[in-house]
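Take a look at the letters that make up each chain.
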Amino acid sequence: MWLLLWAVFIPIISYSEQQGVILPLPTNVDRTNYNSYASQILAVQGMRYTTDCKRTCIAGRRRACFIHLEAEHYQAMGVACGNCSNGVLADCFAPQCVSADGVEKGILTLNRQLPGPPIEVCQGDLIIITVMNLLHSDTFSIHWHGLLQRGTNYMDGVPHVTQCPITPMASFRYTFWADDVGTYFYHSHSGMQKYIGIFGAFIIRAPAPVENFPLNLFDVDNRIIIFNDWSHDAAEMFQVGLPTRFPGSSPEALLINGKGKYYNNVTNTLTNSPYATVYVQAGRTYRFRIINAISMSCPVEMQIQNHRMQIIATDGSPVVPRWIDTLVMASGERYDVVVRANRSATLYWIHARLAGICENRMISQSAVLSYINNSEMNGDSPSTPMGPYPRGVVFNDPTVPCGSSANNLCLTDLVNPNGPGLATAVVDQRFYLTFSNRFIDADAYFASDSTTPFWNIRNREMYLGTMNGISLAMTASPLLTMASLDNLDICNYDNLPARCANSTICSCLHVIVARQNSVVEFVLIDESPEPEPVVHPIHFHGLKFMVTSEGQVFNNGSLTIAQMRRLNREGALRGNNTRPPLKDTVLVRTQGYVVMRFLANNPGIWLVHCHIDDHMVFGMGFVLIIEGPVPPIPQNFPTCGNFP
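Owing to the predicted nature of the structure, the values given are computational and were not obtained by experimental measurement.

**Student:** Explain the overall build of the protein chain here, please?
**Tutor:** Helix and strand content of the protein chain: nine helices and 39 strands. Over its C-alpha trace the protein chain gives a radius of gyration of 24 Å, about what one expects of a compact globule, namely 26 Å for 644 residues. With respect to the three principal axes, the spread of C-alpha positions in the protein chain is 65 × 65 × 50 Å. Scored against the burial criterion, the 644 residues of the protein chain give a buried share of 59%. Summarising the internal contacts of the protein chain: among those between residues at least 6 apart in sequence, 78% fall at separations of at least 24. Accessible surface, the protein chain: about 25800 Å² in total, of which carbon and sulfur atoms supply 51%. Of the charged side chains in the protein chain, 43 are positive and 50 negative, and the gap between their average positions amounts to 7 Å.

**Student:** Can you walk me through the confidence of the model for the protein chain in this structure?
**Tutor:** Do not read the predicted coordinates in detail wherever pLDDT is low. In this model, the protein chain carries a mean pLDDT of 90, and residues with pLDDT of at least 70 account for 95%. Counting interchain partners and residues more than four positions distant, the pLDDT-below-50 stretch residues 1-18 has 26 contacts.

**Student:** Whenever I open this one, the environment of alanine 352 confuses me. Can you help?
**Tutor:** Take alanine 352: it is sitting in strand 22 (residues 347-354). Given a relative accessible area of 0%, alanine 352 falls into the buried group. For the pair alanine 352 and serine 366, spaced 14 residues apart in sequence, the C-alpha to C-alpha distance is 6.1 Å. In this view, alanine 352 contacts Phe227, Leu254, Ile256, Val300, Glu301, Met302, Ser364 and Gln365; residues no more than four positions away in its chain are not counted.

**Student:** Would you mind going over the side chain of histidine 68 with me for this structure?
**Tutor:** By the secondary structure assignment, histidine 68 is in strand 3 (residues 64-76). Its relative accessible area of 11% is what places histidine 68 among the buried residues.

**Student:** Would you take a moment to explain the state of the cysteines for this structure?
**Tutor:** In protein chemistry, a disulfide is the covalent bond that joins the sulfur atoms of two cysteines. Using the criterion set out here, one finds nine disulfides in the structure. Cysteine 164 shares a disulfide with cysteine 640; S-S distance 2.1 Å. Since a negative S-S torsion denotes a left-handed disulfide, the cysteine 164-cysteine 640 link at about -105° is left-handed. Remark: cysteine 640 occurs in the segment after strand 39 (621-626) and cysteine 164 occurs in the loop between strand 7 (142-145) and strand 8 (171-177); sequence separation between them is 476 residues. Taking the relative accessible area as the measure of exposure, cysteine 164 reaches 8% and is therefore buried. A relative accessible area of 30% places cysteine 640 in the partly exposed class. At a sulfur-sulfur separation of 2.1 Å, the disulfide partner of cysteine 402 is cysteine 410. Measuring handedness by torsion sign, the sulfur bridge of cysteine 402 and cysteine 410 sits at about -105° and is left-handed. Free cysteine cysteine 610: the closest other cysteine sulfur is in cysteine 298, separated by 12 Å.

**Student:** I'm lost on the sheet that holds strand 12 (residues 253-256) in this one. Help?
**Tutor:** The pairing of strands in a sheet comes from backbone hydrogen bonds and takes either a parallel or an antiparallel form. With mixed pairing, six strands are arranged side by side in an open sheet as 12-11-16-21-18-19. A single partner strand is all that each edge strand has here, and the edge strands are strand 12 and strand 19 (317-324). The average angle at which neighbouring strand axes cross in this sheet is 25°, direction not considered. Taken together, the four bridges between strand 11 (residues 220-230) and strand 12 define a ladder with antiparallel strand orientation. Bridge assignment links phenylalanine 227 to a residue of strand 12, and that residue is isoleucine 256.

**Student:** Would you explain the pattern of salt bridges in this entry?
**Tutor:** Where charged atoms of side chains with opposite charge meet at close range, the side chains can pair. Per the counting criterion, the structure on display carries 31 salt bridges. Of the charged contacts in the structure, one is a salt bridge between glutamate 359 and arginine 353, with a shortest N-O distance of 2.7 Å. On the basis of relative accessible area, arginine 353 is assigned to the buried category, the value being 18%. Between glutamate 521 and arginine 597 there is a salt bridge, with its nearest N and O atoms 2.6 Å apart. Linking glutamate 521 in strand 32 (residues 519-526) with arginine 597 in strand 37 (residues 592-599), this pair joins segments that are 76 residues apart in sequence. One network of salt bridges, in which partners are shared, links Lys54, Glu120, Arg205, Asp221, Arg287, Arg289 and Asp336.

**Student:** Help me understand helix 8 (residues 561-569), please; the structure alone is not making it clear to me.
**Tutor:** Since there are 3.6 residues in each turn of an α-helix, residues three or four apart along the chain are aligned in direction. Taken residue by residue, helix 8 has Ile561, Met564, Leu567 and Asn568 as its buried positions. With its buried residues spanning 125° around the axis, helix 8 presents them on a single face. Residues of helix 8 that are exposed and point more than 90 degrees away from the buried face comprise Ala562 and Arg569. Among the structural elements, strand 26 (429-440), strand 32 and strand 37 are those in contact with the buried residues of helix 8. Of the residues one or two after helix 8, glycine 571 is the one with positive phi, at around 85°.

**Student:** How do you make sense of the nonpolar core when you look at a structure like this?
**Tutor:** When a protein is soluble and globular, its nonpolar side chains tend to lie buried together. One finds Ile129, Trp144, Tyr174 and Phe202 to be the most contacted residues of the largest nonpolar core, which totals 80 residues. Broken down by element, this core gets its largest block of residues, eight residues, from strand 3. Core analysis: the second largest hydrophobic core is formed by 68 residues, Cys298, Ile311, Val586 and Met620 among them.

The rules behind each value
Residues numbered from 1 in each chain as written. Predicted model: local features only at pLDDT ≥ 70, side-chain atom pairs only at ≥ 80, totals over all residues. Heavy atoms only, no water. Helix = DSSP H or I, 4+ residues; strand = E, 2+ residues; numbered from the N terminus. Rg over C-alpha atoms; globule rule 2.2 N^0.38 Å. Buried < 20%, exposed > 50% of the residue type's maximum accessible area, 1.4 Å probe, protein only. Contact = heavy atoms within 4.5 Å. Areas by Shrake-Rupley, 256 points an atom, 1.4 Å probe, with all protein chains shown as cover. Lys, Arg positive; Asp, Glu negative; His and termini not counted. Charge placed at Lys NZ, Arg CZ, Asp CG, Glu CD. pLDDT = per-residue confidence, 0-100. Disulfide = S-S within 2.5 Å. Pairing = 2+ DSSP bridges. Axes fitted to C-alpha atoms, helices over the stretch in contact; angles between N-to-C directions. Salt bridge = Lys/Arg side-chain N within 4 Å of Asp/Glu carboxyl O. Arc of directions from axis to C-beta. Core = buried A, V, L, I, M, F, W, Y, C linked by side-chain atoms within 4.5 Å.

So, in structure tokens, the structure goes:
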């Protein structure tokens, strides 16, 4: 049997000294047999290595993309980095060295890289990713952020929703199709593991002509910038927080492509770790794929010294190009921008800072935009001040009301080149969804012997994340693999269990059901009791939605569903953009709202949540069930649950 399989599959493998293993996808592999194909070739080859799929995409030339990821506990500025911390720059680039911001700490990595290895494929490729868990004390799973997973809901990577978490010393194979052209990323969907290092870029390119962009808009498409926030504390501190630390989830540093320097304001010293460098060649035009992989509450504000940015896509979907100078983006968002290398051939700063609640902490980071080869290894950096620079045209500033000036653009100022979509459609189902961190009275909580999780930001201030007053409680077994959901403690805004009748917070399995092929509208409402610098990025798994309207309604007290229903009846929530942009993650302003709609045509069980890690961990989410037939779970799919 194995000899026969070897004879069948080995002829399709070719080798290139430059590219590694190339595995064309046989023409007879389709959506009916791809899982058996993956199993057979894995059994024959082992496929511990990674095949090469980063290439110029040509229509009809599909590949099988095998990727091997190993998660393990590792070190930033550890043994592999030699004397990097003492200024020996070559050691900072030694094999397996993770320099981060130059501060020694224990971290998590994939393949001993930070960020994890970028995955770059072509539309139509078959993606086969084996994830090995070498974390001796932790389970986890990987979510492919922004990918719709049509027909492969069970590969969405959410523990206890679509799959069992991967246990220590075990592996899990993700198999799905590269359908969704654009800029995405992957990350752990367990606890605070993204914050500690389990994340990386995921790029799906289209055969030429590229997507819906005008010809000659850019001529180079291989530049990725990924941001993540960073702490020198152990992650366990952020799971609950500490009474003497405020805010309980504030980072200490920001990294760009996993690199940067840390300024210690106590010792007045700067670490010797290198900046990330992005290379450009004078006279060329580049597509930068910018990914916000931060975990905490602070948006990233980004500028490039003496260079403008032209937004051409958001969350993988194209928009009519708009020139800006300053880009603000929240956790989970991605923006593709065009940068023209039309300046003197020298070095420039890429400057980024954490805004919002981090504003007063002055957390910033820089990278180098270099017109000069090999400057990263030489440690070269511009001699000019590293920013911030004049803000110019600012996109997505959550502190400025939409429409306040021509220099402040909001999301709804972007235009979808593909037409109005659902903007003029009749809405079949409408849901109002408030979200906030609700206060827990510490005295009453501990007197009751409650074991409900809580989040402590300082002193005795304790909170629980909620949507519509409900804190999401998950089940021991994945919802997608259950034979029936009938006997579960399911709740929603109109159906709360009796035990929650007199409670301001109800902890239960929050489920909202969308009818198949219905036009669904959500009104997302931040019910913060007063204006504050916290914004919530809300991420919908399994769908792209059209943002038809956004704004703020400052109020003496929390916004309510009743108020928003009244404003909607009066037409106050109606947007003016007839061709709204598509998103999968949207920033909702403090005391603000976003109106979004989608076509419920991707049946399955999907998680919706705030993309701030601790907000999600403590319940700010719900499960969206889109009705309709879901393909059967793959054979031998792992199961888990309570011991009977």
